[in-house]
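Read off the chains here:
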Amino acid sequence: MIDYFSVFTTGGIVLWQKCYQPVSANILDSLVADIFIEDRRGKAGSDSSMTKDRYTVKWTSSNDFGIIIVAVYQSLLQITFIDELLASVKKLFTTLYADELKAKDSDHLPVCHFGDYFDVRYAELEKSTAGRKPVSAVAAAAAAADDAEEDSEDAGLKSEDLEKDELEPARNGAGSKSPKPLKLSGLAKRGGRRGGRGGSKSASPMSRESSNGDDSSKKSAKKKLRKWDADGTARDVSDDEGPLDFSASKKANGSAPDDDSAVNSQLLEDADVSKWGSKTKSGDFVLKDLSSEINSILASSDEKSDNSSGSVLSSGFGYFRNIIGSKVLSEADMENALNGMKDHLMKKNVAPEVAQHLCDVVRKSLVGTKTGSWTSIEKTVRVAMEDALRKILTPSTSVDLLHEIQRVKSGSSARPYVISVVGVNGVGKSTNLSKIAYWLLQNDMKLLIAACDTFRSGAVEQLRVHARNLKKLTEREGGKIELFEKGYGKDAAVIARDAIAYGNEQGYDVVLIDTAGRRHNDTRLMSSLEKFAKYANPDKIVMVGEALVGTDSVQQARNFNAAFGPNRNLDFFLISKCDTVGDMIGSMVNMTYSTGIPVLFVGTGQMYTDLRTLSVPWAVNMLMS
């Protein structure tokens, strides 16, 4: 496990970072002061390393884009795939954000979801290199010492750019898990501990808060406005350029903008559907999943990852004590491995009863079987657990929603296809309904959104904003969208029935029904869903489940599945907020196990394009990482 990973510019601005464990600030301070400022980086653009205290620091750089990628981990771990991880992150980062990096536009770098790509690639490499032989710690330390002795040409990080001011971190990635993420702070000046201009003893940029001198601190001149460029340099802003106010634009007369001008233009302009999905030969717009998206990016890159040859053996002499060959397994043999696997799954938000069920399935499938040659019990149990997870998450029914919509649309009795979204409070029903609507608009659908949340204050207004934004997008996509609303305090079931009737009269292809959030353990609130199902009779009922909810997701799924009457159940799950939990996505296993209903979509952010179909291999890799 790495402790810290960061991507920053050669000017020192942190573009993205992820912190697993708190790391001393002196580690990166030494990297900057001893390697970058002193120009001891080795060959330009090559992977390099150094050791400091009990940590190993490895980095790589891209001179074309002016970025440096750094990984910090404990030297005892000897992570064998760290070079491949650095190379993969460089490919992904420079491919996804090439335009912004070339334009040095770090303020608008959309890195908030890069953590998802990083987690997937990290899990893939961790799994693929599980059997590799580690590099000797002594040899690694010697190589790092040799690299530190070499002086070479500058590879993009120029000392004169580093002298001017402290670094200003850009927006961090969504995925920094530590309460104290490591910050790449101000760089040491030439007058620091390497000697130089002032003979100052202050060498730690992390603790430097003093001014640049006594004379300057006594000046009472007016503070000048300052803008920071992507390369880390700063320039004073003249009064003619106006205040640095980037809030919502105002009209010329100073009044607040009207509703139409308040639409977030950036939200509409940044919707790049090519990175979101693709058209099939039949013309259907199909969503991507995270796993295939990352593989396509890496495959299209001109650079090749350094794939070192795998070894049959894993790290550590302790591994050999568990090596067995052609052994008939018993329950006693697997007890320790299964207990460890159960604890591992529970740490990934898998409910205890679900984790126990998976362990029982693995135990039943392995008892009496023979292991392969040079295969440990832990490896055998792991492979069986991956297979058990794969069977739970793989849908047993068709999840081709587009095909069903088109079948209803082209039938003899053409009518709107009705999709209802339900769930507990605050899981993101309205937001994810809008994402589904935007996906359907890519398929030239004519949509009607029914505002049936007549209880929560602002629910109708929220859908009104989404409908207005989506209508702006339809001007160039060719679809049509409209909001059906009747205000607050009305019967949601009646509004849904009227919306479907209106959609049928007007020739809409799909009716999307938003509903009020309700607690799954409130009998009074849940009882109204049966009437809703009877009046609306939706073709599909999609429950939005939250990835953050953890073990309570089992009861939520069961209660909602039983709330629509004896002859009606949920059809799909949409797991929201997966970008906020890292690899702790056990809630989707809990929901699928407790109801047998598949996961259709995965929500990965707040934009309309942050919707993916579930990739079962991705989910299994995340759960087993």
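Rules and cut-offs
- Residues numbered from 1 in each chain as written.
- Predicted model: local features only at pLDDT ≥ 70, side-chain atom pairs only at ≥ 80, totals over all residues.
- Heavy atoms only, no water.
- Helix = DSSP H or I, 4+ residues; strand = E, 2+ residues; numbered from the N terminus.
- Buried < 20%, exposed > 50% of the residue type's maximum accessible area, 1.4 Å probe, protein only.
- UniProt positions renumbered as here; feature names shortened; annotations may be inferred.
- Salt bridge = Lys/Arg side-chain N within 4 Å of Asp/Glu carboxyl O.
- Pairing = 2+ DSSP bridges.
- Axes fitted to C-alpha atoms, helices over the stretch in contact; angles between N-to-C directions.
- Phe/Tyr/Trp six-rings, centres within 6.5 Å; stacked < 30°, edge-to-face > 60°.
- Lys NZ or Arg CZ within 6 Å of the ring centre and 35° of its normal.

Novice: An account of unusual backbone geometry is needed here, citing residue identities and associated values.
Specialist: Although it is not a glycine, Asn-349 adopts a positive phi angle of roughly 75 degrees. Mapped onto the elements of the fold, Asn-349 is located in the loop between α10 (331-347) and α11 (352-366). For Asn-349, a relative accessible area of 16% translates into the label buried. The phi angle at Asp-444 is positive, at roughly 60 degrees, despite the residue not being glycine.

Novice: Outline the UniProt feature "domain: SRP54-type proteins GTP-binding" (unreviewed entry) in the chain, supporting the account with residue identities and numerical values.
Specialist: When the UniProt feature table is mapped onto this chain numbering, "domain: SRP54-type proteins GTP-binding" (unreviewed entry) sits at residues 598-611. Measuring from the first to the last C-alpha atom of residues 598-611 gives 16 Å, for a span that is 0% helix and 43% strand.

Novice: Got a sec to walk through the pattern of salt bridges? Specific residues and values, please.
Specialist: Counted by the stated rule, this structure contains 20 salt bridges. Linking Asp-360 and Arg-363 is a salt bridge whose minimum nitrogen-to-oxygen distance equals 2.9 Å. A residue pair is termed a helical-turn pair when its members lie 3 or 4 positions apart in one helix, as Asp-360 and Arg-363 do in helix α11 at three residues. Looking at Asp-360, the relative accessible area reads 35%, which means it is partly exposed. A salt bridge links Lys-409 to Asp-509; its shortest N-O distance comes to 4.0 Å. Of this pair, Lys-409 sits in helix α13 (residues 401-409) while Asp-509 sits in the loop between α16 (492-506) and β15 (510-514); the two residues are 100 residues apart in sequence, bridging distant segments of the chain. Assessed through its relative accessible area of 14%, Asp-509 is described here as buried. One salt-bridge network, in which partners are shared between bridges, spans Asp-387, Arg-390 and Lys-391.

Novice: Please set out the sheet that holds strand β4 (residues 55-62) residue by residue, giving values where relevant.
Specialist: Pairing between sheet strands relies on hydrogen bonds along the backbone, with the strands arranged either parallel or antiparallel. Taken together, five strands build an open sheet; the order of strands is β2-β1-β5-β4-β3 and the sheet is antiparallel. Strands with a single pairing partner mark the edges of an open sheet, and in this sheet they are β2 (14-19) and β3 (48-52). Strand-to-strand, the axes of this sheet are offset by a mean angle of 15 degrees, without reference to chain direction. The sheet contact formed by β3 and β4 spans five bridges and is antiparallel.

Novice: If you had to explain the packing of aromatic side chains to someone new, which residues and values would you point to?
Specialist: Under the defined criterion, the tally for this structure stands at 15 aromatic pairs. Here Phe-118 and Tyr-122 contribute two aromatic rings whose centre-to-centre distance is 6.0 Å and whose plane-to-plane angle is 25 degrees, an arrangement assigned as stacked. Taken together, the residues Phe-118 and Tyr-122, both in helix α4 (residues 114-128) and four residues apart, mark about one turn of the helix. You'll find Phe-118 and Tyr-122 in the same group, each marked buried. Ring centres 5.6 Å apart and planes at 40 degrees place the aromatic pair Phe-484 and Tyr-502 in the tilted group. Here Phe-484 is found in strand β14 (residues 480-484), whereas its partner Tyr-502 is found in helix α16, with 18 residues between them in sequence. Here the guanidinium or amino end of Lys-446 rests over the ring plane of Tyr-508, the centre of that ring lying 4.9 Å away.

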